[in-house]
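Fold and contact review
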Amino acid sequence: PLPLIRAYPNPFNPATAIEYTLSEPGQARISIYSIAGQKVRELVTDNVSNGTHRTVWDGKDSRGKAVSAGVYIMRLKAGETVATGKMTIVR
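All residue numbers refer to positions counted from 1 along the written sequence of the respective chain. Local features are withheld for residues below a pLDDT of 70 in this predicted model, meaning they are given only at 70 or higher, and side-chain atom pairs are given and counted only at 80 or more; totals for whole chains, interfaces and linings count all residues. Heavy atoms from the whole structure form the basis of all side-chain values; hydrogens and water molecules are not counted.

1. Quick look at the packing of aromatic side chains
- Only centres within 6.5 Å qualify two rings of Phe, Tyr or Trp (six-membered ring in Trp) as a pair; their planes then separate them into stacked at under 30 degrees, edge-to-face at over 60, and tilted for everything else. Counted by the stated rule, this structure contains 2 aromatic pairs.
- Members of the aromatic cluster, connected to one another through ring pairs, are Phe-12, Trp-57 and Tyr-72.

Structure below.
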């Protein structure tokens with residue numbers, strides 16, 4: 001089966017597409033965290049249909065400031081499902 005969440009390209013600069021798949025419709029939340037566990041940005045907080053969806057992260061935090069190079073965690077929460085993946089920004 002496909003991963004529930006993945007980013008392409010990865011590593012990336014300046015942006016990456018995040019693709020996520022839901023088996024049933026409902027509330028989806030995608031958050032980006034630093035490797036230290038600090039929330040950097042919330043990308044998606046929507047009710048979405050089942051199937052595959054796509055959003056783009058531009059490598060910026062919630063204030064619109066470019067984040068530093070390094071590893072970041074993308075986290076999908078949809079109902080009881082939680083999925084994570086790693087992304088690397090190269091500057």
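2. A short note on the pattern of salt bridges
- Every case where a carboxyl oxygen of Asp or Glu lies within 4 Å of a side-chain nitrogen of Lys or Arg is listed as a salt bridge. Taken as a whole and assessed by the stated rule, the structure comprises 5 salt bridges.
- Close ionic contact of Arg-29 with Glu-42 constitutes a salt bridge, the shortest N to O distance being 2.5 Å. In this pair, Arg-29 sits in strand β3 (residues 26–34) while Glu-42 sits in strand β4 (residues 39–48), placing the two residues 13 residues apart along the sequence.
- The partner of Glu-42 in a salt bridge is Lys-39, and the shortest N-O contact between them spans 2.6 Å.
- Several salt bridges converge on common partners, so that one network encompasses Arg-29, Lys-39 and Glu-42. Numbering of helices and strands runs from the N terminus; a helix is a DSSP stretch of H or I covering at least four residues, while a strand is a stretch of E covering at least two.

3. With respect to the pairing of β4
- Taken together, the 8 bridges between β3 and β4 define a ladder with antiparallel strand orientation. The residue bridging Tyr-33 from the neighbouring strand is Lys-39, located in β4. By this definition, two strands are paired if DSSP reports at least two bridges between them.

4. Things to note about the environment of Thr-16
- Along the chain, Thr-16 turns up in strand β2 (residues 16–22).
- Along the chain, Thr-16 and Gly-51 lie 35 residues apart, while their C-alpha atoms are 20 Å from each other.
- From its side chain, Thr-16 meets the backbone oxygen of Pro-9 in a polar contact 2.8 Å long. For this analysis, a polar contact is any N or O atom pair within 3.5 Å, provided that within protein one partner can donate a hydrogen and the other can accept it, and provided that sequence-adjacent residues contribute only side-chain to side-chain pairs.

5. Considerations on the side chain of Ser-31
- Positionally, Ser-31 belongs in strand β3.
- Taking relative accessible area as the criterion, Ser-31 reaches 2% and is therefore assigned buried.
- Here Glu-42 takes part through its side chain, which lies 3.2 Å from a polar atom of the side chain of Ser-31.
- Once residues within four sequence positions are removed from consideration, Ser-31 is found in contact with Lys-39, Arg-41, Glu-42, Ile-73, Met-74 and Arg-75. The rule is simple: take the accessible area with a 1.4 Å probe, protein chains only, and divide by the maximum for that residue type; under 20% is buried, over 50% is exposed, in between is partly exposed. By definition, residues are in contact when any of their heavy atoms lie within 4.5 Å.

6. Comments concerning the sheet that holds β4
- Taken in spatial order, the 4 strands of this open sheet run β4-β3-β6-β7, and their pairing is antiparallel. Each edge of the open sheet carries a strand with a single partner, namely β4 and β7 (81–89). In this sheet, adjacent strand axes meet at a mean angle of 15° when their direction is disregarded.
- Sheet topology places strand β6 (residues 70–78) next to β7; 9 bridges connect them, and they run antiparallel. Bridge pairing in β7 links Ala-78 to Thr-81. To define axes, lines are fitted to C-alpha atoms, for helices over the stretch in contact only, and angles between the resulting N-to-C directions are given on a 0 to 180 degree scale.

7. Focus: the environment of Leu-76
- In this fold, Leu-76 is placed in strand β6.
- Classification of Leu-76 as buried rests on a relative accessible area of 1%.
- For the pair Leu-76 and Ala-28, spaced 48 residues apart in sequence, the C-alpha separation works out to 7.0 Å.
- With residues near it in sequence (within four places) discarded, Leu-76 still touches Leu-4, Ile-5, Tyr-20, Leu-22, Ala-28, Arg-29, Ile-30, Thr-81, Val-82 and Ala-83.

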